[in-house]
Amino acid sequence: MHNKTIADLAKGLRSGEFSSVELTQAFLDRIKRHQYLNAYITVTDESALQAAKAADLRLASGDAELLTGIPIAQKDIFCTQGVKTTCGSKMLDNFIAPYNATVVDKLNHAGAVMLGKLNMDEFAMGSSNETSFYGPVRNPWNTDSVPGGSSGGSGAAVAARLAVCATGTDTGGSIRQPAALCGITGLKPTYGRVSRYGMIAYASSLDQGGPMTRSAEDAAIMLQAMAGFDEKDSTSVDCPVPDYRSGLNNSLEGLKIGLPKEFFGEGLNSDVAGVLEAAISEYRRLGAEIKEISMPNLKLAIPAYYVIAPAECSANLSRFDGVRFGYRCDSPVDLTDLYTRSRGEGFGKEVKRRILMGTYALSAGYYDAYYIKAQKVRRLISEDFKNALSEVDVIMGPVTPTTAFGIGEKIGNPIEMYLSDIYTIAINLAGVPAMSIPAGFTGGKPVGLQIIGNYFAEDRLLNIAHRYQQVTDWHLQIPNGFE
Amino acid sequence: MSLTVDDVKKIAHLARLGIDTRDIESYTVDLSGMLDLMTQMSNLDTRDVAPMAHPMDQVQRLRTDAVTEADNREQFQAIAPQTEAGLYLVPKVIE
């Protein structure tokens, strides 16, 4: 039953084929059996079984939703009341969240059963899950390879069937890149579509939570529960949430797909390019028209991002000072020593690197040259998307330049690691929604296809992804040893 | 553009971030590498471009000035490193 989709599991739960308690226990057993993947930081077995019991009662009463009784897992960036919420950091190793993130509340309200909290790069800063205080996560397709990051635990858990689906967050590619490297479906919604309340902040103008699932239909079901206006998040957008499942089967006849030539040039692995070409041919067969487009400022996305994101991170992470919660150093001699040592001992190397970069970019004398310049470049990148999306309905391209790389391969070279997000970062700067869906394999490792749409066009993206999944079976493949 | 070890010490002080002396050299190299990446932007003419701070160009939403939060002091202080009589304790600041 661990290979079934949400819709099939919902049917099984209603027909009495299995109960939520049985389903939950089956997943808890799998989590224990595959512990070496290191996908989970905390497993909440007791509360999961309690929630499953409550879900079974709710199912029996006939007052259930599609997610009622479905075992899911939360990225450890979402605050969960009474449950350790670490954000992958020593800084929060002792942090029991005093309230729930809105996303957690919404999924609980829908009756989803939380199995536990998933491993991630420290404070969501990383592209390989190797910056986690709790150690790297292994990719179920090749256990010597990284699962991607920062939502690496989410990618590995969903691919290995250690949860039916999971939450992720995406600041520069952190849902789409692990989804691509783990062969699952990931959706980064439009900025503001999903509440950020209780989602520990990295770069506030870029962060967005979204679903990581095995199919587009499951992503539609999960996003339905997660999306919507929240007065507790001042950047949440007050616009109605459509029914994401109703248009899944719409025809793709006449769909205009733009392929930016900047996405298919130097740097893209030729085997990955071959897989993407085959996927695009499949869309042509489904009735889509393909058009080459140009987005000249995309090449500046990485430099702009690595000013803006660290600048926002240096401000956001100033709250971790050893005073009110989180790690505090031993025997501080004065207040400055308390701040400096608590932060120095509590944060890992990549987090420190970004705090330093951001502090520098915001400091007197450099603010205009770096921060304002990057914000201007951000405007030009965002205009590239507006222009492109007035010519075509969606943009397609790679998610990553290569398939999953080896554990330890890039961690010593931060710049090389940053370049692995070259195709995903611009989307966050513009704020538009984008998906990664499984499009094939090379060398036994999955390849993702990226589909980028206009603001609030999540329904269209899900439709385009779903139609592809009706005629292909890449999303149904199971890694060896996890059948 | 490259930074010196002293630059990095100064930035670390501004961020109140303890850096092990043995690591300062490697942070200097890494940050200089990041700054090299940034120079790609300087070739682009952005004189008439308005900076973009936020994807939606939103304005701050306002609400009525009413109490919306309950008093959760005990709950919040339960996870603090050190408290006394409802206050957060830190080392003495003034002699």
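Q: Which residues make up the overall build of chain B, and what are the values?
A: Scanning chain B for helices and strands turns up three helices and two strands. Put simply, chain B runs from its N terminus to its C terminus through helices and strands in the order α-α-α-β-β. Here the C-alpha coordinates of chain B stretch approximately 55 × 45 × 25 Å along the principal axes. Counting contacts in chain B only where the partners sit at least 6 residues apart, residues at least 24 apart contribute 32% of the total. Accessible surface computed for chain B: about 6800 Å², of which carbon and sulfur atoms make up 52%. The average position of the 9 basic charges and that of the 16 acidic charges among the side chains of chain B differ by 5 Å.

Q: Run through helix α7 (residues 216-226) of chain A, naming residues and quoting values.
A: Residue and element names in this part refer to chain A. Among the eleven residues of α7, nine are classified as buried, and the element is accordingly described as predominantly covered. Among the residues making up α7, those that are buried are Ala 216, Asp 218, Ala 219, Ala 220, Ile 221, Met 222, Leu 223, Ala 225 and Met 226. Looking at the buried positions of α7, the neighbouring elements they touch are α1 (6-15), α4 (102-109), β4 (165-169), β5 (185-188), β6 (209-213) and α15 (458-471). Looking one or two residues beyond α7, the residue adopting positive phi is Gly 228, at roughly 130°.

Q: Help me get a handle on a nonpolar patch on the surface, residues and values and all.
A: A grouping of Tyr99(A), Phe76(B) and Tyr88(B) is seen on the molecular surface, where their side chains present a nonpolar patch of about 250 Å² in accessible area. Of note, Tyr99(A) is situated in the loop between β2 (71-75) and α4.

Q: How would you summarise unusual backbone geometry if you had to cite specific residues and measurements?
A: Residues and elements named next belong to chain A. Of note, the amide linkage connecting Gly 149 to Ser 150 takes the cis form, showing an omega dihedral of 5°. Examined against the element boundaries, Ser 150 turns out to sit in the loop between β3 (113-118) and α5 (152-159). Here the phi dihedral of Phe 123 falls at roughly 50°; this positive angle occurs in a residue that is not glycine. Of note, Phe 123 is situated in the loop between β3 and α5.

Q: An account of the interface of chain B and chain A is requested, with residue identities and associated values reported.
A: Counting residues at the interface gives 49 residues for chain B, matched by 70 residues for chain A. Buried area between chain B and chain A, both sides added, is near 5200 Å², and the carbon and sulfur share of it is 69%. It is Met41(B), Met52(B) and Arg61(B) in chain B that bury the most area against chain A; as a group they hold 14% of the surface buried on that side. Along the contact surface separating chain B from chain A lie one salt bridge. The partner of Asp30(B) in a salt bridge is Arg353(A), and the shortest N-O contact between them spans 2.9 Å. At the junction of chain B with chain A, the criterion picks out 17 residue pairs in polar contact (both at pLDDT 80 or more). Those elements giving two or more residues to the side of chain B that touches chain A turn out to be α1 (5-14), α2 (21-42) and α3 (73-77) of chain B. At twelve residues, α2(B) tops the list of elements feeding residues into the side of chain B that touches chain A. Tallied by class, the residues present in the side of chain B that touches chain A amount to 33 nonpolar, eleven polar and five charged.

Q: Before we move on, can you summarise the packing of aromatic side chains with the specific residues and values?
A: This model, assessed by the stated rule, comprises 17 aromatic pairs over all chains. On the basis of an interplanar angle of 75° and a centroid distance of 5.8 Å, the ring pair of Phe123(A) and Phe347(A) is categorised as edge-to-face. A residue pair is termed long-range when its members are at least 10 positions apart, and Phe123(A) in the loop between β3 and α5 and Phe347(A) in the loop between α10 (335-346) and α11 (349-362) qualify at 224 residues. Accessibility expressed as a relative area gives 4% for Phe347(A), which makes it buried. Residue placement shows Lys90(A) over the ring face of Tyr327(A); its charged tip is 4.9 Å from the ring centre. Over the face of the ring belonging to Tyr27(B) we find Lys349(A), whose NZ or CZ atom lies 5.3 Å from the ring centre.

Parameters and conventions
- Residues numbered from 1 in each chain as written.
- Chains lettered and ligands numbered in written order.
- Predicted model: local features only at pLDDT ≥ 70, side-chain atom pairs only at ≥ 80, totals over all residues.
- Heavy atoms only, no water.
- Helix = DSSP H or I, 4+ residues; strand = E, 2+ residues; numbered from the N terminus.
- Contact = heavy atoms within 4.5 Å.
- Areas by Shrake-Rupley, 256 points an atom, 1.4 Å probe, with all protein chains shown as cover.
- Lys, Arg positive; Asp, Glu negative; His and termini not counted.
- Charge placed at Lys NZ, Arg CZ, Asp CG, Glu CD.
- Buried < 20%, exposed > 50% of the residue type's maximum accessible area, 1.4 Å probe, protein only.
- Patch = residues over 30% accessible without salt bridge, like charges linked within 9 Å, V, L, I, M, F, W, Y side chains within 5 Å.
- Salt bridge = Lys/Arg side-chain N within 4 Å of Asp/Glu carboxyl O.
- Buried area = accessible area lost by both parts, 1.4 Å probe.
- Polar contact = N/O pair within 3.5 Å; in protein donor to acceptor, adjacent residues only side chain to side chain.
- Nonpolar A, V, L, I, M, F, W, Y, C, P; charged D, E, K, R; others polar.
- Phe/Tyr/Trp six-rings, centres within 6.5 Å; stacked < 30°, edge-to-face > 60°.
- Lys NZ or Arg CZ within 6 Å of the ring centre and 35° of its normal.

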